[in-house]
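# Notes for the structure review
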Number of protein chains: 2
Amino acid sequence: MRFVKDIKSIFIMSLLINAALFIIFWSDVELGLEAVFQRAIKLQVKNKVCDVNLNDDRPYISNKTDLKMIYYVTPTYPRPEQTPELTRLAHTLMHVPSIHWIVADDQPVCSDQVLSILRKTGLPFTYISSPKPYLYKTHNFPRGVANRRAALTWLHENVKEGILYFGDDDNTVDLELFNEIRQTKKVSMFPVGLIGEYGVSAPVVKNGKVVGFFDSWPGLRTFPVDMAGFAINIEFLSPNAIMPYTVGQEEDKFLVSTGVKLEDIEPLANNCSKILVWHTRTTKNKVPTLKIDIEKLNNMLKYDSFVNLLKELTKMGMAHVSPNNGSKTFIIRNRSKYDPLTDLK
Amino acid sequence: MRFVKDIKSIFIMSLLINAALFIIFWSDVELGLEAVFQRAIKLQVKNKVCDVNLNDDRPYISNKTDLKMIYYVTPTYPRPEQTPELTRLAHTLMHVPSIHWIVADDQPVCSDQVLSILRKTGLPFTYISSPKPYLYKTHNFPRGVANRRAALTWLHENVKEGILYFGDDDNTVDLELFNEIRQTKKVSMFPVGLIGEYGVSAPVVKNGKVVGFFDSWPGLRTFPVDMAGFAINIEFLSPNAIMPYTVGQEEDKFLVSTGVKLEDIEPLANNCSKILVWHTRTTKNKVPTLKIDIEKLNNMLKYDSFVNLLKELTKMGMAHVSPNNGSKTFIIRNRSKYDPLTDLK
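From a predicted model like this one, the values you see are computed outputs, not experimental measurements.

## Side note on the environment of A:Glu295
All names here are of chain A. As for its placement among the helices and strands, Glu295 is situated in helix H9 (residues 294-299). The exposure class assigned to Glu295 is exposed, which follows from its relative accessible area of 55%. For the pair Glu295 and Val307, spaced twelve residues apart in sequence, the C-alpha separation works out to 8.9 Å.

Here is the structure:
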């Protein structure tokens, strides 16, 4: 009898605990998870502003002071394609007057490589190290949220006016888009090419007003748009506007949190009939480990250029080099393969 | 007996025919195939120079006349990513003084879309329609050879001096590369990132001379380099230099046909220790067919912007629109799905 009673109370207890956990998770997944796991995992990650440059050092751009500043927020993360992606996007932004590039990088340290790309542009920029919480490292975490939140924090603390735009490092933007978004009064929207199963995601405009959305994935969203499909006037952006850690709902929940209404939305790009930005995606490359003894090569002298190339490769995250592990490498000369460089005469 | 004799002679005949075909194909695959199939398929494809602009219309670039012209040859082909790729590459080239962009397009007509991208750049350019021979349409044909050949022909007929560089529409180029290649006397070489299993393809330099190559795929090549890994002075380029229709051998056979020797090669990018160009690749998108009756929409009035967006989508090759076939589409408003636009109030 006593035994049955114990089982009963254990059963009821477990039911209650389950119910409590269920309510916590359901009511606010994000807060719930953070509250539960923050103590468990001890979050050590911190955002850090690595560098800020407020000067526009481009001699070929005439920076008219009456143009509103565009704050172009780019979340990025270390990978073999990071250097080329940022380089390529930089070339686009370098044509745009009155622009400030906020690059928020998902790595716990400030990267010399990223910083050197930013400095070469001559653009005003802010470089933030904004690693994602460890909590999300092992999950199917939403990429870029920690970065965009860090950028929003920096904006709230440092900027009073201008236009906010979220532009990923692999997107392609037509220069016309910048003239368009600079006019944004509250929230503007426009089509994004190469999204989903329609090949585009776009607001539908009737008599100059946004009346609906053409997007292949509704996802129970009030504003079914891509991150690259809207811009916001910073004066309209209250500190309460926040992006959630919820995959696929980032744009919608952020826009809803700004308090914007459907009737407020300003359709751009000729009433959303032109495509001025594309969600291009770059094929990911594996990071190979190359079995090469750099020390030995260095001692051989005369191959210092090759040693420097290997260091460059490592710095860009495009390969690891190890004396002990990795795939065997060779040098080619006269259609023959040579194993160590010493064989080359 | 008579029957056996017939069989015998048929067998011998077929052996002889096979041997003849084998010899033709083996001795020169390209010529052989062309000779055999040209009559069979009736090649109707012709290159056509769609437009040439020799003026540099960029107000922000000071074109010093003493800088050698760089002829940047970009093979391209129609696909959903063509417009963004060319747009993105244009933004890079627009920073470079003294450059002429040769875009050779694998489509049998001149594309208004491509032409409009080129005209917006302000760059000097040549736009060539250079469809690949029909012959190669069904095979695992080498992409971009017909285009590069067309560009070479145009160069031979119109240009006496300058530097030739092959730059694909999806590659990423650091602006420093242009200063480097402009110095090319005969043939220069330099590392290309994100190639093969080493993450890079690069010449190996010893005491300032190229002594070998670091490339994961030897492919029995004298010059195991990527198309983006070399530049040529046009004065060094004889009309006999030709690119073969052989997958994987295009670079090598072309370089061998120029008559360049290993000892002639000029190593750039700080003795091939820096990476200034990357073989980035863009994920391919499917071209969806959307079931939408454009005529009907047009008659409904008030949705002309949306009709124009659908036309833009088609023009960019990012979707087909048909009243009868394709996937059903819907419009989203207030988190609900509406089938025809007439339902939207």
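## Focus: the packing of helix H3 (residues 82-93) of chain B against helix H4 (residues 112-121) of chain B
Each packed pair of helices is defined by two parameters, the angle between the axes and the distance between the axes. Residues and elements named next belong to chain B. Following both chains from N to C, one finds H3 and H4 inclined at 15°, their axes separated by 10 Å at the closest point. Relative to H4, the element H3 lies roughly parallel. H3 and H4 meet at a crossing whose hand is right-handed. Residues Gln82, Thr83, Leu86, Thr87 and Ala90 of H3 form the contact with H4, whose own contacting residues are Gln113, Val114, Ile117 and Thr121. When grouped by side-chain class, the residues that make up the contact of H3 with H4 number four nonpolar, five polar and no charged.

## Some details on the confidence of the model for chain A
For chain A, the mean per-residue pLDDT works out to 89, and 87% of the residues sit at or above 70. Contacts for the low-pLDDT stretch residues 24-42 of chain A, under 50 throughout, to residues beyond four places or in other chains number 17 contacts.

## A few points about the sheet that holds strand E4 (residues 125-129) of chain B
Residue and element names in this part refer to chain B. Taking strand neighbours across the sheet as the criterion, the eight strands line up as E1-E4-E3-E2-E5-E11-E7-E12 in an open arrangement whose pairing is mixed. Of all strands in the sheet, those bounded by a partner on one side alone are strand E1 (48-53) and strand E12 (266-267). Sheet topology note: the strand E2 (residues 70-76)/strand E3 (residues 99-105) ladder contains seven bridges and is parallel. If you follow Tyr72 over to E3, its bridge partner there is Trp101. Running over the sheet, helix H5 (residues 145-158) touches E1, E2, E3, E4 and strand E5 (163-166) and is turned about 150° from E2.

## A word on the side chain of B:Glu312
Here B:Glu312 lies in helix H10 (residues 304-315). Ignoring any residue separated from it by four or fewer positions in sequence, one finds B:Glu312 in contact with A:Ser273, A:Lys274 and A:Ile275.

## Side note on the relation of the copies chain B and chain A
Of the two same-sequence chains, chain B is brought onto chain A (RMSD 0.5 Å, axial shift 0.1 Å) by a rotation of 180°. The relationship between the two copies is best expressed as a two-fold rotation axis. Of the C-alpha atoms belonging to chain B, the one lying closest to the rotation axis is found on B:Thr282, 2.2 Å away. When the interface residues of chain B are mapped onto chain A, 100% of them are again interface residues, pointing to one common binding face.

## Side note on the sheet that holds strand E3 (residues 99-105) of chain A
Residues and elements named next belong to chain A. With mixed pairing, the eight strands of this open sheet are ordered in space as E1-E4-E3-E2-E5-E11-E7-E12. In this open sheet, the two edge strands, each paired with only one partner strand, are strand E1 (48-53) and strand E12 (266-267). With respect to the sheet, helix H4 (residues 112-121) is in contact with E1, E3 and strand E4 (125-129), its orientation differing from that of E4 by roughly 175°. Contacting E1, strand E2 (70-76), E3, E4 and strand E5 (163-166), helix H5 (residues 145-158) runs over the sheet at an angle of about 150° to E2.

## Looking at the interface of chain B and chain A
Each partner contributes residues to the interface: chain B has 80 residues there, and chain A has 80 residues. Of the roughly 6,900 Å² buried between chain B and chain A, counting both surfaces, carbon and sulfur atoms make up 61%. Area buried by chain B at its contact with chain A is led by B:Arg88, B:Ile332 and B:Arg335, which between them contribute 10% of it. Between the two partners, chain B and chain A, sit four salt bridges. B:Asp174 is paired through a salt bridge with A:Lys120; the nearest N and O atoms lie 2.9 Å apart. Scanning the region where chain B abuts chain A turns up 29 residue pairs in polar contact (both at pLDDT 80 or more). Put simply, the parts of the chain that give the side of chain B that touches chain A at least two residues each are H3, strand E6 (172-173), strand E9 (200-206), strand E10 (209-214), helix H8 (269-272), H10 and strand E17 (331-333) of chain B. Tallying contributions element by element places H10(B) first for the side of chain B that touches chain A, with seven residues. Its residues assigned to classes, the side of chain B that touches chain A comprises 40 nonpolar, 22 polar and 18 charged.

Rules used in this analysis
Residues numbered from 1 in each chain as written. Chains lettered and ligands numbered in written order. Predicted model: local features only at pLDDT ≥ 70, side-chain atom pairs only at ≥ 80, totals over all residues. Heavy atoms only, no water. Helix = DSSP H or I, 4+ residues; strand = E, 2+ residues; numbered from the N terminus. Buried < 20%, exposed > 50% of the residue type's maximum accessible area, 1.4 Å probe, protein only. Axes fitted to C-alpha atoms, helices over the stretch in contact; angles between N-to-C directions. Parallel < 35°, antiparallel > 145°, perpendicular 65-115°, else oblique. Left-handed = near helix turned anticlockwise from the far one by under 90°. Contact = heavy atoms within 4.5 Å. Nonpolar A, V, L, I, M, F, W, Y, C, P; charged D, E, K, R; others polar. pLDDT = per-residue confidence, 0-100. Pairing = 2+ DSSP bridges. Least-squares fit on C-alpha atoms with pLDDT ≥ 70 in both. Buried area = accessible area lost by both parts, 1.4 Å probe. Salt bridge = Lys/Arg side-chain N within 4 Å of Asp/Glu carboxyl O. Polar contact = N/O pair within 3.5 Å; in protein donor to acceptor, adjacent residues only side chain to side chain.

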